[in-house]
Amino acid sequence: MFRKIRIIWQRNTRQWLHQLVLWRIARIPERQFLYILSLVVGIFSGLAALTLKNLIHLVAGQLTDWIEVDSISYLFLVYPLGGILLTVLFVRFVIKDDIGHGVSKILYSISRQSSRIKPHNTWSSMVASSLTIGMGGSVGAEAPIVLTGASIGSNLAQIFKLNYKYVTLMVGCGVAGAIAGIFNAPVAGIVFTLEVLMLDLTMAYLIPLLISAVTATMLTHFFMGEDVLLQFMQVHPFTLETVWFYILLGIFTGFVGIWFTRMTLFLEAGFKKIKGWGIRLLIGGLIMGLLVFIFPPLWGEGYREIALIFNGKGTELLNNSLFYNWKTNEYLLLIFLVGILIFKVIAMVATTGSGGVGGIFAPTLFMGAIAGFFFSVLVTKITGVELPGDNFALAGMAGMMAAVMHAPLTGIFLAAELTQGYDLFVPLMITATVAYVTIMKAEPYSIYTKRLAHAGDLLTHHKDKVALRMMNVRKLIETDFEVLRPDATLRDLVKAISVSHRNLYPVVDDNNTLLGMVKLSDVRSLIFEHDLYDKVLVKDLMYMPESYIAPDDSMEKVVEKFETSGRYNLAVIDNGKYLGFISRAVAFSKYRKTVQDFSHD
């Protein structure tokens, strides 16, 4: 009964959507429709950001707000394990799909799946990450929200039967809306989308991104007012005397970024070697609980701790810890901060490696703030030069984003928008640029793209590879060649030449197996030897090409064979059977058309 109702409902839904698509095509011009759809994507991605953030803070508040700041709580040992357990059960038995590494999944979908993201990602990442982070998992909610926004954009675009480039654009709109909604920072949302997803910077792409980002920001501002995720009211002006310190901070955050990236990938590989999800859950959950018990600032995303630094209360990072009495000793405070920088990465990977769901965006910002605050305290203690901890924490955030994500512009604009002004724009630029230059030699790929690059799945950063991936070898096969049998005579060949506009003549047997081919330039002189017409056979003139391709070969392989062979035509052979030829001219023409389809005017 229920199955029949579901089938009827699905059929009616498909019919209704089909009629809606036809109505849209007939009534709304394409570009105007993209603007409307980007507005809708911005609304939904902004609502997703609001929902998840409030849910996480509600759960975390209920679990921790009652704990006195000068006391420790053994519940810190239990909470993260419980959250990860609930997440694992939800993912394994409800979703039954991998929903981790949100940004990497988006890049993979653009590269390999025509930007199509599964429908369940519109909500599954939100549920799973709220369980993980709300109960203390040391990861961020940004990647799950970004994946949610991207999935919203992708699925809406698919419903309205948009092509690849517009589906990709709507994915970008979802990402921009999600970032803008989280931080109330529309410019950072747009820049993150362009810088990390590598979308084309054209007006046709920029306007929909702008619409989504602004819409999500207005939605956040309407519901939350000034109570956004992070606020930084600058009280210390930038002075030229501190330029060198911002340069040194850039170098420092660059090296911290190397530690972050390499340790993350190393530990992830270690967790993958552990057989059995139950064992991974137990090991990761216990490690996470122990680290949070020793270093309470490792709890959750870390935005509360960043706010403490911004408000000049950096020593309160020691609240609820075994080291509460270290507050009055700056040397001990520095040791505590070093411990956070070292163990935050371990806590983050223990969370995700054991089955928790979250991203590296918030941990990156957290470590940047801690690194900047540590640097300011250290320099002040050593040199006596009073450096503002809040300014350097903000610059450290920009530096870590530049290093870990290879997104210096995102770091600069996000940090600038958090200040509600651009008075610190110069030091942010200095720190982010130096950090990016520092890490580039050691880590040419960001933490988002390194896994995909090593697997050969990173195409978003190489538009030529994307175009080649979108081309189908079978659709390029040309079959208008005069086919000959091996026992045909020179006379038969001349007749074929007279009716053909090609200079190649494939030779096949009765089973259509390619035996060789004859090239016009090789027999040109024999055409005028009439006395040889019935004496010379085609099998005496043919040769077997050294280079040929199969119909299921990738276009990258086709291009490689064109380059190595120097041929202008390649035979297509399927298990020995002749199918036709692919010409260099046709392949290049199709490539240019595909690249043109990716770009907007």
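Above this text you will find the structure in question.
Bear in mind the structure is a predicted one, so any value in this text is a computation, not a measurement.

The next thing to look at is the overall build of the protein chain. Helices and strands together make up the secondary structure of the protein chain, namely 23 helices and five strands. Across the protein chain, every contact between residues at least 6 apart in sequence was considered, and the portion connecting residues at least 24 apart equals 76%. Counting every atom, the protein chain has about 27,100 Å² of accessible surface; 61% of that belongs to carbon and sulfur.

This next bit is on the pairing of strand β1 (residues 504–508). For β1, the tally of buried residues reaches five of five residues, placing the bulk of the element in the interior. Burial along β1 is two-sided: Leu504, Pro506 and Val508 and Tyr505 and Val507, pointing in opposite directions, are all buried. One ladder, built from five bridges, connects β1 with strand β2 (residues 514–519); its direction is antiparallel. If you follow proline 506 over to β2, its bridge partner there is methionine 517.

A cluster of nonpolar side chains, namely Leu85, Leu89, Phe93, Val94, Trp123, Val127 and Trp277, defines an oily patch on the protein surface of about 610 Å² accessible area. When residues in the nonpolar patch are grouped by element, the largest group, four residues, is from helix α3 (residues 79–95). Looking at the element boundaries, leucine 85 is found in helix α3.

Take the sheet that holds strand β4 (residues 569–574) next. Reading across the sheet, the three strands line up as β3-β4-β5 and stay open at both edges, with mixed pairing between neighbours. The open sheet has two edge strands with one neighbour each: β3 (548–549) and β5 (577–583). Note: β4 against β5, six bridges, orientation antiparallel. Bridge pairing links alanine 571 to phenylalanine 581 in β5.

Relative to the helices and strands, isoleucine 360 is located in the loop between α13 (330–353) and α14 (361–383). Residue classification places isoleucine 360 among the buried residues on the basis of a relative accessible area of 12%. As a C-alpha pair, isoleucine 360 and valine 349 span eleven residues in sequence and 9.4 Å in three-dimensional space. Apart from the residues lying within four places of it in its own chain, the contact partners of isoleucine 360 are Phe260, Met348, Val404, Met405, Ile447 and Tyr448.

With that settled, consider the packing of helix α8 (residues 186–196) against helix α16 (residues 408–418). Put simply, α8 and α16 touch, their axes get as near as 8 Å, and they point 175 degrees apart. Between α8 and α16, the interaxial angle falls into the category roughly antiparallel. Contact residues: α8 offers Pro186, Val187, Ala188, Val191, Phe192 and Glu195, while α16 offers Pro408, Leu409, Thr410, Phe413, Leu414 and Glu417. When the residues that make up the contact of α8 with α16 are grouped by side-chain class, the tally is nine nonpolar, one polar and two charged.

What follows covers the packing of aromatic side chains. Applying the stated rule across the entire model yields 15 aromatic pairs. Here phenylalanine 183 and tyrosine 303 contribute two aromatic rings whose centre-to-centre distance is 6.2 Å and whose plane-to-plane angle is 80 degrees, an arrangement assigned as edge-to-face. Taken as a pair, phenylalanine 183 in helix α7 (residues 164–183) and tyrosine 303 in helix α12 (residues 303–310) lie far apart in primary sequence, 120 residues in all. Taking relative accessible area as the criterion, phenylalanine 183 reaches 3% and is therefore assigned buried. Between tyrosine 246 and phenylalanine 392, the aromatic rings sit 4.2 Å apart at their centres with planes inclined by 10 degrees, giving stacked as the arrangement. In this pair, tyrosine 246 is assigned in helix α10 (residues 243–272) and phenylalanine 392 in helix α15 (residues 389–404), connecting sequence segments 146 residues apart. Taking relative accessible area as the criterion, tyrosine 246 reaches 2% and is therefore assigned buried.

Further remarks concern the packing of α3 against helix α11 (residues 277–294). The interhelical angle for the contact between α3 and α11, taken along N-to-C directions, is 150 degrees, at an axis separation of 8 Å. Considering the angle they form, α3 stands roughly antiparallel to α11. Seen along the crossing, α3 lies across α11 with a hand that is right-handed. Here Pro80, Leu81, Ile84, Leu85, Val88, Leu89 and Arg92 of α3 lie close against α11, whose contacting residues are Trp277, Leu281, Gly285, Leu286, Met288, Gly289 and Val292. Of the residues that constitute the contact of α3 with α11, the class distribution is eleven nonpolar, two polar and one charged.

This part covers the environment of serine 565. Residue position: serine 565 is located in helix α22 (residues 555–565). Separated by 20 residues in the primary sequence, serine 565 and proline 545 have C-alpha atoms spaced 9.8 Å apart. Non-local contacts of serine 565, meaning those with residues more than four positions away in its chain, are made with Ser547 and Leu570. At 2.6 Å, the side chain of serine 565 and the backbone oxygen of lysine 561 are in polar contact. Within polar-contact distance, the side chain of serine 565 engages the backbone nitrogen of arginine 567 at 3.2 Å.

Throughout the structure, instances matching the rule amount to eleven salt bridges. Here glutamate 305 makes a salt bridge to arginine 304, at a shortest N to O gap of 3.7 Å. Judged by its relative accessible area of 47%, arginine 304 is partly exposed. Of the charged contacts in the structure, one is a salt bridge between aspartate 480 and arginine 502, with a shortest N-O distance of 2.9 Å. With a gap of 22 residues between them, aspartate 480 in the loop between α19 (463–470) and α20 (490–499) and arginine 502 in the loop between α20 and β1 connect regions that are remote in the sequence. Accessibility expressed as a relative area gives 16% for arginine 502, which makes it buried. Salt bridges linked by common partners bring Glu478, Asp480 and Arg502 together as one network.

Conventions adopted
Residues numbered from 1 in each chain as written. Predicted model: local features only at pLDDT ≥ 70, side-chain atom pairs only at ≥ 80, totals over all residues. Heavy atoms only, no water. Helix = DSSP H or I, 4+ residues; strand = E, 2+ residues; numbered from the N terminus. Contact = heavy atoms within 4.5 Å. Areas by Shrake-Rupley, 256 points an atom, 1.4 Å probe, with all protein chains shown as cover. Buried < 20%, exposed > 50% of the residue type's maximum accessible area, 1.4 Å probe, protein only. Pairing = 2+ DSSP bridges. Patch = residues over 30% accessible without salt bridge, like charges linked within 9 Å, V, L, I, M, F, W, Y side chains within 5 Å. Salt bridge = Lys/Arg side-chain N within 4 Å of Asp/Glu carboxyl O. Axes fitted to C-alpha atoms, helices over the stretch in contact; angles between N-to-C directions. Parallel < 35°, antiparallel > 145°, perpendicular 65-115°, else oblique. Nonpolar A, V, L, I, M, F, W, Y, C, P; charged D, E, K, R; others polar. Phe/Tyr/Trp six-rings, centres within 6.5 Å; stacked < 30°, edge-to-face > 60°. Left-handed = near helix turned anticlockwise from the far one by under 90°. Polar contact = N/O pair within 3.5 Å; in protein donor to acceptor, adjacent residues only side chain to side chain.

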